[in-house]
Amino acid sequence: MSRIKAFLALVALVALGAPAHAVSCAVETYAGQQYTVCTVDLAEDDLRLFLNDRKTGEPLGSFSNIDRQLETEGRALVFGMNAGMYHADRRPVGLYVEGAEAVSSLVKRAGPGNFGLLPNGVFCIRQGRADVIETLRFEQEAPKCRDASQSGPMLVIDGALHPRFLKDSDSRYIRNGVGTSADGRKAWFVISDSLVNFHTFGSFFRDHLKLPQALYFDGKVSRLYAPGLGRFDLGFPLGPMVGVAAPRAAQ
């Protein structure tokens, strides 16, 4: 069997054993930088936020713990990413809602660190849609989010980069964040595969993905779980996480 035929056969076997879902992950290059992008279709994908273990109330902390929790539903984690900043005990820094229950409240004031670099925003998941919404707009509109995580700074606001981003900034990290379409039907989760500054990272959402709104999740601790790409990032325990659950494949 040729190498090409063998590869196609392996792909077919993997596909037969994999749970059905629409989330797709791929590596993309823009302006000389490489990024991994996972695209979620809210009409098809079961997108959720995850923080604490349902039984113990302790922080889940890892993608493997999310997957073990989902196993009780007959589901599996097929995509995951850290989704907001957190304190040393892994409590969310700002607003956090899961299953329509608020764990922590909206923070509107400026403050130290990236979270307090206003404007910041909220990632809001509702039935069939997900939106990135600037914090003061979120307070005014008061959307009924099933799940929500506040983070900051905003990367893209109504098609414009955050006003405090500097093109030549030397603050460079592996960074991750999320952007949403205007109709809320799709969300793009992005992690840089090399060190980038805020201006470069925000430009990827605005100029490459052409998204009107995007929100920064974190740097340094940025983590991705994308089994379709063989990506299982490890590190210190996490606070808020976002992921897609799909029917667990028959063994």
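Residues numbered from 1 in each chain as written. Predicted model: local features only at pLDDT ≥ 70, side-chain atom pairs only at ≥ 80, totals over all residues. Heavy atoms only, no water.

A short note on the sheet that holds strand E17 (residues 241-247)
If you trace the five strands from one edge of the open sheet to the other, you get E3-E17-E4-E15-E16, paired in antiparallel fashion. Single-partner strands in this sheet number two, and they are strand E3 (46-50) and strand E16 (231-232). Across two bridges, the pairing between strand E4 (residues 75-82) and strand E15 (residues 224-226) is antiparallel. Within E15, the position partnered with Met81 by the bridge is Leu224. Against the sheet, helix H2 (residues 63-71) makes contact with E3, E4, E15 and E17, and its axis sits at roughly 150 degrees relative to E4, the strand it touches most. (Pairing = 2+ DSSP bridges. Helix = DSSP H or I, 4+ residues; strand = E, 2+ residues; numbered from the N terminus. Contact = heavy atoms within 4.5 Å. Axes fitted to C-alpha atoms, helices over the stretch in contact; angles between N-to-C directions.)

Quick word on the confidence of the model for the protein
Taken as a whole, the protein shows an average pLDDT of 92; of its residues, 91% reach a score of 70 or greater. Below a pLDDT of 50 lies the segment residues 1-19, which in the model reaches seven contacts outside its immediate sequence neighbourhood of four places, other chains included. (pLDDT = per-residue confidence, 0-100.)

Examining unusual backbone geometry
In the segment running from Leu118 into Pro119, the intervening peptide bond is cis, with an omega of 0 degrees. Mapped onto the elements of the fold, Pro119 is located in the loop between strand E6 (101-104) and strand E7 (121-126). The residue after Gly152, namely Pro153, is reached through a cis peptide bond having omega 10 degrees. Mapped onto the elements, Pro153 comes out in the loop between strand E9 (147-151) and strand E10 (154-157). In this structure, Ala142 is a non-glycine residue whose phi angle is positive, near 50 degrees. Topologically, Ala142 is positioned in the loop between helix H3 (135-141) and E9. Positioned with a positive phi, Lys220 is a non-glycine residue whose angle comes to about 70 degrees. Within the secondary structure, Lys220 is located in the loop between strand E14 (213-219) and E15. Of the residues examined, Lys220 reaches a relative accessible area of 65% and is grouped as exposed. (Buried < 20%, exposed > 50% of the residue type's maximum accessible area, 1.4 Å probe, protein only.)

Describing the pattern of salt bridges
Side chains carrying opposite charge are able to pair once their charged atoms draw close together. Under the definition given, this model contains 15 salt bridges. Residues Arg129 and Asp131 are paired through a salt bridge, measuring 2.7 Å at the closest nitrogen-oxygen approach. Arg129 sits in the partly exposed class, given a relative accessible area of 27%. Of the charged contacts, one joins Arg231 and Asp193 as a salt bridge, the two residues approaching to 3.3 Å between their closest N and O atoms. Residue Arg231 is located in strand E16, and its partner Asp193 is located in the loop between strand E13 (186-192) and helix H4 (198-208); the two are separated by 38 residues in the primary sequence. With relative accessibility at 28%, the residue Asp193 sits in the partly exposed group. (Salt bridge = Lys/Arg side-chain N within 4 Å of Asp/Glu carboxyl O.)

Concerning the side chain of Thr135
On the secondary structure map, Thr135 appears in helix H3. Take Thr135: its relative accessible area is 2%, and that puts it in the buried class. Here the side chain of Thr135 touches Asn120 through a polar contact of 2.5 Å, side chain to side chain. There is a polar contact of 3.4 Å between the side chain of Thr135 and the backbone nitrogen of Gly121. With near-sequence residues (within four places) excluded, Thr135 lies in contact with Leu106, Val107, Lys108, Asn120, Gly121, Val122 and Gln150. (Polar contact = N/O pair within 3.5 Å; in protein donor to acceptor, adjacent residues only side chain to side chain.)

Some points on the pairing of E17
The element E17 is extensively covered by neighbouring structure, given that six of its seven residues are classed as buried. Strand direction decides the pairing type here: E3 and E17, joined by five bridges, are antiparallel. What sits directly across from Phe50, in E17, is Met241. Bridge count between E4 and E17: seven bridges; the pairing is antiparallel. Bridging from a neighbouring strand, Met81 pairs with Val242 of E17.

Digging into the state of the cysteines
For the structure shown, the criterion picks out two disulfides. Here Cys25 is linked by a disulfide to Cys38, with a sulfur-sulfur distance of 2.0 Å. Because the sign of the S-S torsion sets the handedness, a value of about 110 degrees for the bond joining Cys25 and Cys38 places this disulfide among the right-handed ones. One end of the pair, Cys25, is in strand E1 (residues 24-30); the other, Cys38, is in strand E2 (residues 33-41), and 13 residues separate them in sequence. You can call Cys38 buried: its relative accessible area is 1%. When the bonded cysteines of the protein are counted from the start of the sequence, the pairing works out to 1-2, 3-4. (Disulfide = S-S within 2.5 Å.)

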